[in-house]
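Chain residues, written in single-letter form:
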Amino acid sequence: MDCFFCLPIMVGCPSKITPDGNQGSRICPRCHNASMFAAKSRTWFEFCFVPLIPLKTKHVWMCGICQLQTQMQPGWEPPLAHPGYQHPGAQNQDVSGAVMGTPQNHGKGYQPGYIHNG
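Residues numbered from 1 in each chain as written. Predicted model: local features only at pLDDT ≥ 70, side-chain atom pairs only at ≥ 80, totals over all residues. Heavy atoms only, no water.

1. As for the state of the cysteines
The tally for this structure, following the rule as stated, stands at zero disulfides. The thiol of Cys28 is unpaired, and the distance to the nearest cysteine sulfur, on Cys66, comes to 3.6 Å. Cys28 sits in the buried class, given a relative accessible area of 0%. (Disulfide = S-S within 2.5 Å. Buried < 20%, exposed > 50% of the residue type's maximum accessible area, 1.4 Å probe, protein only.)

2. Brief notes about unusual backbone geometry
Trans peptide bonds make up most of the peptide bonds, and negative phi angles are found at most residues other than glycine. At Cys48, a residue that is not glycine, the phi angle is positive and equals roughly 55 degrees. At Gln67, a position not held by glycine, the phi torsion is positive, near 65 degrees. For Gln67, the position within the fold is in the loop between strand 5 (50-63) and strand 6 (69-71). (Helix = DSSP H or I, 4+ residues; strand = E, 2+ residues; numbered from the N terminus.)

3. Let's talk about the side chain of Arg26
Note that Arg26 resides in strand 3 (residues 26-27). Since its relative accessible area comes to 9%, Arg26 is described here as buried. In contact with Arg26, not counting residues within four places along its chain, are Asn33, Ala34, Ser35, Met36, Trp61, Glu77, Pro78, Pro79, Leu80 and Ala81. (Contact = heavy atoms within 4.5 Å.)

4. Overview of the nonpolar core
If you look at the biggest cluster of nonpolar residues, it comprises seven residues: Cys28, Cys31, Met36, Ala38, Trp61, Cys63 and Leu68. Breaking this core down by element, the ones donating at least two residues are strand 4 (34-47) and strand 5. If near-sequence neighbours (up to four positions away) are discounted, Cys63 is found in contact with Cys28, Cys31, Ser35, Met36, Phe37 and Leu68. (Core = buried A, V, L, I, M, F, W, Y, C linked by side-chain atoms within 4.5 Å.)

5. Comments concerning the pairing of strand 4
Examined bridge by bridge, strand 1 (residues 11-12) and strand 4 share two bridges and lie antiparallel to one another. Residue pairing in the sheet places Gly12 in a bridge with Glu46 of strand 4. Where strand 2 (residues 15-19) lies against strand 4, five bridges are found, and the strand directions are antiparallel. Opposite Ile17, over in strand 4, you have Ser41 as the bridge partner. With two bridges joining them, strand 3 and strand 4 adopt antiparallel strand pairing. Opposite Arg26, over in strand 4, you have Met36 as the bridge partner. Counted between consecutive antiparallel strands, the loop separating strand 3 from strand 4 contains six residues, among which His32 sits at a positive phi close to 60 degrees. As paired elements, strand 4 and strand 5 share 12 bridges and run antiparallel to each other. Within strand 5, the position partnered with Met36 by the bridge is Cys63. Between the end of strand 4 and the start of strand 5, which pair antiparallel, lie two residues, with Cys48 showing a positive phi angle near 55 degrees. (Pairing = 2+ DSSP bridges.)

The following block contains the structure:
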């Protein structure tokens, strides 16, 4: 009696990113949010989802919002976000988050911009 067993073998080399130290927030050059941090990117050889051998390590700047990764270079780092920093797109918003100069829907619920009630 011949028996044939098919065992799936999963092999891969994913990168794992861990924060590197405790630094202040920095401003992302792509999305302009104060969410950049220093991190260590390590590529592992995995067998059946178990990391076995670290292959490559590099230090990167990473944005927690837009996922931008850029390798650390001597002489360049993202600018520090000062206390009270606001995203440039939020400069003309009031405390409630509504854009100033636009009409408010007082108790009318959702009103799409293409419907004009005169």
